[in-house]
Amino acid sequence: MNVRDSEAVSALLEAAGYRHAATEDEADLVIVNSCSVREKAEDKALGKLGLLCATKRERPNRIIGLMGCMAQRLGEAVFRRVPKLDFAVGTRRNGAIPSLVKRVENGERNILEQSSPDEIPDAPEAHEDLGFSAFVTILLGCNRRCSYCIVPDVRGREYSRPAREIIAEISALAKHGVREVTLLGQSVMNYGRMNPVWFDDDPPSAGGFKEPFSRLLEAVSAVPGILRVRFTSGHPSGVTDELVRAMSSLPHICHHLHLPVQSGSDRILKSMRRGYTRAMYLEACNKLYTAMPDFVLTTDVIVGYPTETEAEFEETRSLMYEAKFGNAFIFKYSPRPGTPSAAMEDDVTDAEKCRRDEVLLEDQDRRGQALNEQLVGSIQQVLVEGRSLRNAARWSGRSDGNKIVVFEPTPAVREGTIVPVRIVRAAPQTLYGELV
Ligand code: SF4
């Protein structure tokens, strides 16, 4: 979400006449986009802002700004932490940034623009020329109240963008060569549940889809030029029969979903206020695997949530095997001020959190290796992204299931095309193959 927001602000500034500097040192304007989801992320942003503001001693006209969740969360307090910061702008006010920069150029300092939780954001559709893959925000904010999460406070209440606005944006991207779109939302399958997104004069669903998100997937998959559609992040309550039908029957919808589970213990899930049980989560996984045997699930997990016992941690471990995750992002619990779980004692020691983190990472490596080995000999459709980061003599791309595939180059291969690759070798995170 932050990558997408940064890109939109960059595009707005370019439209206002600013140009990208070649390096950060050369830049006369630097905006730090911040994340509040963990304490460490906020500490890093504050450290970075301190270093940037220190350069104002030699370059007093340099403009330093802050955007994103931390600006929204801290408000005026951010100027006490970073007195030389020129402006801070909340999560739904990014469209104001070019005018804020002008105000700073005219001599104003310490400008704060916070957004209210239910305002409709301005200009979310600005894009830079990104190549063949783009993020598209479809849903802002979150109405769930998971006990540990600061996101609903900083990103506001759920607002779904009108479908026709999203489709127009994606059509324009496709005309500029974009082939893959990733639809973004905190709880993306909630699309259209809180405000109307389809209107009487919109075309009806050809496949008879009634749920707003399935209907949107159908419309996006029909945009000429779009070859791949992904979306993130999911919640098990969104894995409805209709969504499974949409994903398995519509062209171009990738058979991959990032479905954060957070814990495998019913007691911890309840304390986290996640709104599902272990059995409900696994049922959602099974629905997807049954309809699409090649389906790839990835997830997020929190270790060391307050009061999590060893036995409850083991339940998370076993769930991760049952759910056959292709990849997993493991986070050590970090209390966020003002959230319900911050009132609980953070009683799992840091050393124990680190141990649980390492155990899950090792499990995931073994599981990733085993799952990837099952793909040796298969032919994967790979969207070519460019040269491999590790070995520039090879090409790299992603399979439909979002796995990285590295293969030997041939002159015919071009970035942004989909090519068939036979898998010959597997590593936990990467598949290696040859062009068919
Ligand atoms: S679903 Fe829960 S964890 Fe995700 S953004 Fe909303 S409150 Fe946070």
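All figures in this text were calculated on a predicted structure; none of them were measured in a lab. (Residues numbered from 1 in each chain as written. Predicted model: local features only at pLDDT ≥ 70, side-chain atom pairs only at ≥ 80, totals over all residues. Heavy atoms only, no water.)

Here we look at the packing of aromatic side chains
Considering all chains together, one arrives at four aromatic pairs under this definition. Where Tyr 276 meets Tyr 281, the ring centres are 5.8 Å apart and the plane angle is 40 degrees; that geometry is what we call tilted. For the pair formed by Tyr 276 and Tyr 281, the shared burial category is buried. When the ring of Tyr 281 is compared with that of Phe 325, the centres are 6.2 Å apart and the planes differ by 65 degrees; the resulting orientation is edge-to-face. Note that Tyr 281 is positioned in helix α11 (residues 278-291) and Phe 325 in the loop between α12 (310-322) and β12 (327-332), a separation of 44 residues in sequence. Overall, Phe 325 belongs to the buried group, its relative accessible area being 0%. Site record: aromatic cluster; members linked through ring pairs are Tyr 276, Tyr 281 and Phe 325. Above the face of the Trp 198 ring, Arg 215 is positioned so that its terminal group lies 4.2 Å from the ring centre. (Phe/Tyr/Trp six-rings, centres within 6.5 Å; stacked < 30°, edge-to-face > 60°. Buried < 20%, exposed > 50% of the residue type's maximum accessible area, 1.4 Å probe, protein only. Helix = DSSP H or I, 4+ residues; strand = E, 2+ residues; numbered from the N terminus. Lys NZ or Arg CZ within 6 Å of the ring centre and 35° of its normal.)

What to know about the side chain of Glu 312
Looking at the secondary structure, you find Glu 312 in helix α12. Given a relative accessible area of 8%, Glu 312 falls into the buried group. Only 2.9 Å separates the side chain of Glu 312 from the backbone nitrogen of Thr 309, close enough to count as a polar contact. Here Glu 312 is in contact with Ser 265, Arg 267, Ile 268 and Thr 307, once residues within four sequence places are set aside. (Polar contact = N/O pair within 3.5 Å; in protein donor to acceptor, adjacent residues only side chain to side chain. Contact = heavy atoms within 4.5 Å.)

A few points about unusual backbone geometry
For the bond from Thr 232 to Ser 233, the omega torsion is -5 degrees, close enough to zero to count as cis. By secondary structure assignment, the location of Ser 233 is in the loop between β9 (228-232) and α9 (241-249). Within the chain, Arg 273 stands out as a residue other than glycine whose phi angle is a positive 60 degrees. Relative to the helices and strands, Arg 273 is located in the loop between α10 (266-272) and α11.

What about the environment of Ala 15?
Among the structural elements, Ala 15 can be located in helix α1 (residues 2-15). A relative accessible area of 71% means that Ala 15 is categorised as exposed. When the C-alpha positions of Ala 15 and Ala 126 are compared, they lie 9.3 Å apart, and in sequence the two are 111 residues distant.

Regarding the sheet that holds strand β5 (residues 133-137)
Read across the sheet, three strands follow the order β5-β8-β9 without closing on themselves; strand pairing throughout is parallel. In this open sheet, the two edge strands, each paired with only one partner strand, are β5 and β9. Across the sheet, the mean angle from the axis of one strand to that of its neighbour is 25 degrees, orientation sign disregarded. Alignment of strand β8 (residues 180-184) against β9, held across five bridges, turns out to be parallel. Paired with Leu 183 across the strands is Phe 231, a residue of β9. (Pairing = 2+ DSSP bridges. Axes fitted to C-alpha atoms, helices over the stretch in contact; angles between N-to-C directions.)

So, helix α2 (residues 39-54)
Given 3.6 residues to a turn, an α-helix orients residues that are three or four positions apart in the same direction. An ideal rise of 1.5 Å per residue puts 22 Å on 16 residues; α2 measures up with 23 Å between its terminal C-alpha atoms. The complete set of buried residues in α2 reads Glu 42, Ala 45, Leu 46, Leu 49, Leu 52 and Cys 53. Taken down its axis, α2 places every buried residue within 125 degrees of arc, on the same side. Residues Lys 40, Lys 44 and Leu 51 are exposed on α2 and point more than 90 degrees away from its buried face. (Expected span 1.5 Å × (residues − 1). Arc of directions from axis to C-beta.)

With respect to the sheet that holds strand β1 (residues 29-34)
Strands sit in the order β1-β2-β3-β4 across an open sheet of four strands; the sheet is parallel. Each having just a single partner strand, β1 and β4 (111-113) make up the two edges of the open sheet. This sheet shows a mean twist of 15 degrees between the axes of neighbouring strands, independent of strand direction. Pairing of strand β2 (residues 63-68) with strand β3 (residues 87-89) involves three bridges; the strand directions are parallel. Looking at the pairing, Met 67 lines up with Val 89 of β3.

Topic: the domain arrangement of the protein
By the assigned domains, the protein splits into domain 1 (2-113) and domain 2 (379-435). For domain 1 versus domain 2, the distance between C-alpha centres works out to 37 Å. (Domains from an automatic or database assignment.)

Let's talk about the pattern of salt bridges
According to the stated counting rule, one finds 35 salt bridges in the structure shown. A salt bridge links Arg 93 to Glu 119; the shortest N-O distance between them is 2.8 Å. Note that Arg 93 is positioned in the loop between β3 and α5 (97-105) and Glu 119 in the loop between β4 and β5, a separation of 26 residues in sequence. For Arg 103, the salt bridge is made with Glu 108, and the minimal N-O distance between the two is 3.1 Å. (Salt bridge = Lys/Arg side-chain N within 4 Å of Asp/Glu carboxyl O.)

Here we look at the site of the ligand
With respect to spatial proximity, the complete set of residues near the ligand consists of Cys 142, Arg 144, Cys 146, Tyr 148, Cys 149, Val 151, Pro 152, Gln 186 and Arg 274. Its residues assigned to classes, the shell around the ligand comprises six nonpolar, one polar and two charged. (Near = heavy atom within 4 Å. Nonpolar A, V, L, I, M, F, W, Y, C, P; charged D, E, K, R; others polar.)

Overview of the packing of α11 against α12
At a closest axis distance of 11 Å, the pairing of α11 and α12 adopts a crossing angle of 15 degrees. With respect to each other, α11 and α12 are oriented roughly parallel. Handedness of the crossing formed by α11 with α12: right-handed. Of α12, the residues touching α11 (which contributes Arg 278, Tyr 281 and Leu 282) are Glu 315, Ser 318, Leu 319 and Glu 322. (Parallel < 35°, antiparallel > 145°, perpendicular 65-115°, else oblique. Left-handed = near helix turned anticlockwise from the far one by under 90°.)

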